[in-house]
Amino acid sequence: MAELSELVEDTYAEGFRSIYGEVLITARDEKWLRHCVHAVTGHASSTILCDCEAGVSRWVDPSETPDGRIGAIVQFHVPRFVKNRQRHLEKVMLARLSQNVLTCPTTALFNTLDTEDYFKLGRKIALFGDRYQFRDTRFGVRGWVVPTLGGEFFLSRRFGFRDGVMGGNLWFFGPDESTALAAAEAASQAAEATPDVITTFPGGVAASGSKAGSSYDFLIAATYAEFCPTLKSKLGDRSKVPEGVNSIMEIIVNGRDLESLQNATRNAIHAAAEIPGLIRISAGNYGGRLGKTFVHLHELI
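Not measured: the values here are computed from a predicted model.

A few words on the packing of aromatic side chains. Here the structure, examined in full by the defined rule, presents 12 aromatic pairs. Ring geometry for Phe110 versus Phe154: centroids 5.9 Å apart, planes at 50°, classification tilted. Here Phe110 is found in strand β4 (residues 108-111), whereas its partner Phe154 is found in strand β8 (residues 151-156), with 44 residues between them in sequence. Judged on exposure class, the residue Phe110 and its partner Phe154 are both buried. Judged by centre distance (4.4 Å) and plane angle (15°), the rings of Phe119 and Phe161 are stacked. Note that Phe119 is positioned in strand β5 (residues 118-119) and Phe161 in strand β9 (residues 159-174), a separation of 42 residues in sequence. Chaining the aromatic ring pairs together yields one cluster made of Trp171, Phe173, Tyr224, Phe227 and Tyr286. For Arg34, the ring lying beneath its charged end belongs to Trp59, and the centroid distance is 4.3 Å. Residue placement shows Arg280 over the ring face of Phe173; its charged tip is 5.7 Å from the ring centre.

Moving on, we get to the pattern of salt bridges. Applying the stated criterion across every chain yields a total of 14 salt bridges. For Glu30, the salt bridge goes to Arg34, with nearest N and O atoms at 2.7 Å. Within this pair, Glu30 and its partner Arg34 are both found in helix α2 (residues 30-40), separated by four residues, close to a single helical turn. You can call Glu30 partly exposed: its relative accessible area is 43%. When the shortest N-O distance is used, the salt bridge between Lys211 and Glu226 registers 3.8 Å. One end of the pair, Lys211, is in strand β11 (residues 210-212); the other, Glu226, is in the loop between β12 (221-223) and α6 (232-235), with 15 residues separating them in the sequence. Look at the salt bridges and you will find they share partners, linking Arg17, Arg80 and Asp163 into a network.

Turning to the packing of helix α5 (residues 177-192) against helix α7 (residues 258-272), a few remarks are in order. It is the contact of α5 with α7, at a shortest axis distance of 7 Å, that shows an interaxial angle of 145°. At the point where α5 passes α7, the crossing takes the right-handed sense. Two secondary-structure elements touch here, α5 through Ala183, Ala186, Ala187, Ala190 and Ala191 and α7 through Ala264, Asn267, Ala268, Ala271 and Ala272.

Parsing the chain into structural domains produces domain 1 (4-14 + 165-299) and domain 2 (17-162). The gap between the C-alpha centroids of domain 1 and domain 2 is 30 Å. Contacts between the two partners involve 18 residues from domain 1 and, on the opposite side, 18 residues from domain 2. Buried area between domain 1 and domain 2, summed over both chains or domains, comes out near 1,400 Å², and the portion from carbon and sulfur atoms is 55%. In this assembly, domain 1 and domain 2 are joined by zero salt bridges. Applying the counting criterion to the domain 1 and domain 2 interface returns five residue pairs in polar contact (both at pLDDT 80 or more).

Moving on: the layout of surface pockets. Here the idea is plain: a probe the size of a water molecule rolls over the atoms and shows the empty space left. Looking at the largest pocket, its volume works out to about 680 Å³. Forming the boundary of the largest pocket are 33 residues, of which Ser46, Thr47, Ile48, Ser210 and Ala221 lie nearest the centre. Taken together, the elements giving at least two residues each to the lining of the largest pocket come down to β1 (12-26), β3 (71-79), β9, β11, β12 and β13 (247-255). By residue number, the principal contributor to the lining of the largest pocket is β11, which donates three residues. When the residues that make up the lining of the largest pocket are grouped by side-chain class, the tally is 19 nonpolar, nine polar and five charged. Shared between two domains, the lining of the largest pocket takes at least three residues from each, and those domains are domain 1 (4-14 + 165-299) and domain 2 (17-162). If you trace the second largest pocket, you find 21 residues lining it, with Thr41, Gly55, Val56, Glu192 and Thr199 closest to the centre. The set of elements that each furnish at least two residues to the lining of the second largest pocket consists of α2 and β2 (53-60). When residues of the lining of the second largest pocket are assigned to their parent elements, the largest contribution, six residues, is made by β2. Classifying every residue of the lining of the second largest pocket by side-chain character gives seven nonpolar, 11 polar and three charged.

Reading the values: rules and limits
Residues numbered from 1 in each chain as written. Predicted model: local features only at pLDDT ≥ 70, side-chain atom pairs only at ≥ 80, totals over all residues. Heavy atoms only, no water. Phe/Tyr/Trp six-rings, centres within 6.5 Å; stacked < 30°, edge-to-face > 60°. Helix = DSSP H or I, 4+ residues; strand = E, 2+ residues; numbered from the N terminus. Buried < 20%, exposed > 50% of the residue type's maximum accessible area, 1.4 Å probe, protein only. Lys NZ or Arg CZ within 6 Å of the ring centre and 35° of its normal. Salt bridge = Lys/Arg side-chain N within 4 Å of Asp/Glu carboxyl O. Axes fitted to C-alpha atoms, helices over the stretch in contact; angles between N-to-C directions. Left-handed = near helix turned anticlockwise from the far one by under 90°. Contact = heavy atoms within 4.5 Å. Domains from an automatic or database assignment. Buried area = accessible area lost by both parts, 1.4 Å probe. Polar contact = N/O pair within 3.5 Å; in protein donor to acceptor, adjacent residues only side chain to side chain. 1 Å grid on protein atoms, 1.4 Å probe; cavity = no way out; pocket = protein on both sides within 12 Å on 5 of 7 lines; lining within 4 Å. Points joined across faces, edges and corners; volume = space filled by probe spheres on them. Nonpolar A, V, L, I, M, F, W, Y, C, P; charged D, E, K, R; others polar.

As structure tokens, then:
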């Protein structure tokens, strides 16, 4: 453990609060389930320029789904600092679920959050049925049935939402791109295997780690220049890239609460630490200016 404490920097990841919705998508087989998941989570890596951050929380066996088919639990996160956040999240889920789940062959859609607050998305999406839609109870679930050219599409009546956490992160410092990427891949896989969290970037890895704010007043974030290895000579003393580091990769983790982020971060650290040649594991923070949800790395190891 002493070696791990030397590899892991004594710092913290700075997360921030969100609201999120969570759904279960089922399909006839893995091929169509993955097609659906890829579509519904598309262009949802970062709230910097995406409408939300979305990803798979868990792949579900047929024995765990209402209709006895393979499934995936997907989360959609919106920062709490977004104006009219509940309305924004409802609009995000309405668009993504109607355009990417309803349209995908063999799918069905179920709510997973039994919360006091909810969106009546079932009724709204069912309007696509052009007055031929109808209410029904199937698989023990009250919902709507929409006739389609492919057959019928079933979805729950209501979809809950609740408070969550965004922005958990880890940075992996390597002597080269291959080492940093291998560590990030291992960490991402370990995080994705942790319950109640998602990773949102392609393959779970972000090569363009950002900082809050920009030299351009119309941007809310920009590349973290002080940690760009190729800018080390140009920045001089301002560079924060350690000697021998030529590539830094990042993973971002969102989840239902701080404990979920802590568990995912702990698992990710241990997985990445197994990669030979890795120089350092760290995390991004902004002194509390972005959020107040801190994941302290040394507390986890």
